[in-house]
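As a plain string of letters, each chain reads:
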Amino acid sequence: MSEETAVEAVSRLYQEFMELPFPSRLGGADRAGFDLVMLDSDTAGCVLTWTKNGGELEARGRSILLRCIARLDRVIPVLSEADDPEYWHRLREMAQLVADSPHVATK
């Protein structure tokens, strides 16, 4: 996937994701020891920053993004159907696309 295509794809996925409501029953909930509201916010914030910066994410943002992916990897397996796992899979998919981008800082 080229840089332009990656940014466009993630931007589209992000717009679709933002149309989904946060699972209301999960406000204030945690799974696998992580606050789901903060996990959602931190991950989506990194994705948005990356798209707004044309596919660039500085080192601090990359660190946050990778931490979010690791947390999603712990959270997703413990979700029940009532926790709307598809919502979290979509969030993780976008985060991974950003992390795999060649223009995410490595320093």
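Undergrad: Where do I start with the overall build of the chain in this structure?
TA: Broken down by element type, the chain carries four helices and two strands. The order of helices and strands in the chain, counted from the N terminus, is α-β-β-α-α-α. Over its C-alpha atoms the chain spans a radius of gyration of 13 Å, differing by no more than 12% from the 13 Å that the globule rule assigns to 107 residues. Overall, the chain is about 35 × 30 × 20 Å in size when its C-alpha atoms are taken along their principal axes. The burial tally for the chain puts 40% of its 107 residues in the buried class. A separation of at least 24 residues holds for 74% of the contacts in the chain among residues at least 6 apart in sequence.

Undergrad: Quick question: what am I supposed to make of the pattern of salt bridges here?
TA: Opposite charge on two side chains allows them to pair when their charged atoms are near. Applying the stated rule across the entire model yields five salt bridges. Put simply, R12 and E16 hold a salt bridge, and the shortest N to O gap is 3.4 Å. Remark: E16 and R12 occur in helix α1 (residues 3-18); sequence separation between them is four residues, near one turn of the helix. Assessed through its relative accessible area of 47%, R12 is described here as partly exposed.

Undergrad: Would you mind going over the side chain of S101 with me for this structure?
TA: Along the chain, S101 falls in the segment after α4 (85-99). Look at S101 and you get buried, because its relative accessible area is 10%. Apart from residues lying up to four places away in sequence, S101 is in contact with W50 and G55.

Criteria and cut-off values
- Residues numbered from 1 in each chain as written.
- Predicted model: local features only at pLDDT ≥ 70, side-chain atom pairs only at ≥ 80, totals over all residues.
- Heavy atoms only, no water.
- Helix = DSSP H or I, 4+ residues; strand = E, 2+ residues; numbered from the N terminus.
- Rg over C-alpha atoms; globule rule 2.2 N^0.38 Å.
- Buried < 20%, exposed > 50% of the residue type's maximum accessible area, 1.4 Å probe, protein only.
- Contact = heavy atoms within 4.5 Å.
- Salt bridge = Lys/Arg side-chain N within 4 Å of Asp/Glu carboxyl O.

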